[in-house]
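Overview (structure and organization)
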Amino acid sequence: VEAVTTIVQMLEVNTTLLNLDLSDNNLDLDGLVAVARILITNTTLLKLDLNCNNICEKVVGEIAESLTFNKTLLKLDLSNNKICVKGARKIANMLR
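Structure report, in brief. Please read all numbers here as calculations on a predicted model, not as lab measurements.

About the cut-offs
- Residues numbered from 1 in each chain as written.
- Predicted model: local features only at pLDDT ≥ 70, side-chain atom pairs only at ≥ 80, totals over all residues.
- Heavy atoms only, no water.
- Buried < 20%, exposed > 50% of the residue type's maximum accessible area, 1.4 Å probe, protein only.
- Helix = DSSP H or I, 4+ residues; strand = E, 2+ residues; numbered from the N terminus.
- Contact = heavy atoms within 4.5 Å.
- Axes fitted to C-alpha atoms, helices over the stretch in contact; angles between N-to-C directions.
- Parallel < 35°, antiparallel > 145°, perpendicular 65-115°, else oblique.
- Nonpolar A, V, L, I, M, F, W, Y, C, P; charged D, E, K, R; others polar.
- Pairing = 2+ DSSP bridges.
- Core = buried A, V, L, I, M, F, W, Y, C linked by side-chain atoms within 4.5 Å.
- Salt bridge = Lys/Arg side-chain N within 4 Å of Asp/Glu carboxyl O.

1. Considerations on helix α3 (residues 57-67)
Each α-helix winds once per 3.6 residues, and so residues spaced three or four apart point in a common direction. The buried fraction of α3 is high, at 8 of 11 residues. Where α3 is buried, its residues meet α2 (29-38), β3 (75-77) and α4 (85-95).

Encoded structure:
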């Protein structure tokens, strides 16, 4: 949790980091929600890899909501997570 907190704090002031790979980190729910919420204000990150993090329905909702505000992220990897049809629809609706 401490490492994710540090990463989120860094992303709040980030002006140079373009790609962030957090795959296979077993991030907990609070950490994943914090990462999702920082997408609202971060304007430099282009690629975020959250592959294999046991992402659940709640986190998918947070990510979808955050992405409605984020205009810079070009690639988001959510593969190998626990995203069901409802979660996939949330992301798909956000992309319309």
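2. With respect to the packing of helix α1 (residues 2-13) against α2
In the contact formed by α1 and α2, the axes pass within 10 Å of each other and the chain directions differ by 5°. Taken together, α1 and α2 sit at an angle that is classed as roughly parallel. Of α2, the residues touching α1 (which contributes V4, V8, L11 and E12) are G31, A34, V35 and I38. For the contact of α1 with α2, a count of residues per class yields 6 nonpolar, 1 polar and 1 charged.

3. Considering unusual backbone geometry
The backbone of D24 sits at a positive phi, close to 55°, despite the residue not being glycine. Within the secondary structure, D24 is located in the loop between β1 (19-21) and α2. Of note in this structure, C52 is not a glycine but carries a positive phi near 55°. Assignment of secondary structure puts C52 in the loop between β2 (47-49) and α3.

4. Some words on the sheet that holds β3
Taken together, the 3 strands give an open sheet; going across it, the order is β1-β2-β3, and neighbouring strands pair in parallel fashion. A strand with exactly one partner marks an edge of an open sheet, and here the two such strands are β1 and β3. The average angle at which neighbouring strand axes cross in this sheet is 0°, direction not considered. In this sheet, β2 lies alongside β1 in parallel orientation, the contact comprising 3 bridges. Residue pairing across strands places L20 opposite L48, the latter belonging to β2.

5. A look at the nonpolar core
Formed by 25 residues in total, the largest nonpolar core has its most connected members in L22, V35, L45, L48, L50, I55 and I63. At the level of secondary structure, the elements contributing two or more residues to this core comprise α1, α2, α3 and α4.

6. Side note on the pattern of salt bridges
Enumeration according to the criterion identifies 3 salt bridges in this entry. Of the charged contacts, one joins R37 and E62 as a salt bridge, the two residues approaching to 3.0 Å between their closest N and O atoms. Placement of the pair is R37 in helix α2 and E62 in helix α3, with a sequence separation of 25 residues. Judged by its relative accessible area of 13%, E62 is buried. Where E57 meets K90, a salt bridge forms, and the shortest distance between an N and an O atom there is 3.8 Å. Placement of the pair is E57 in helix α3 and K90 in helix α4, with a sequence separation of 33 residues. For K90, a relative accessible area of 30% corresponds to the partly exposed category. One connected set of salt bridges, linked through shared partners, spans R37, K58 and E62.

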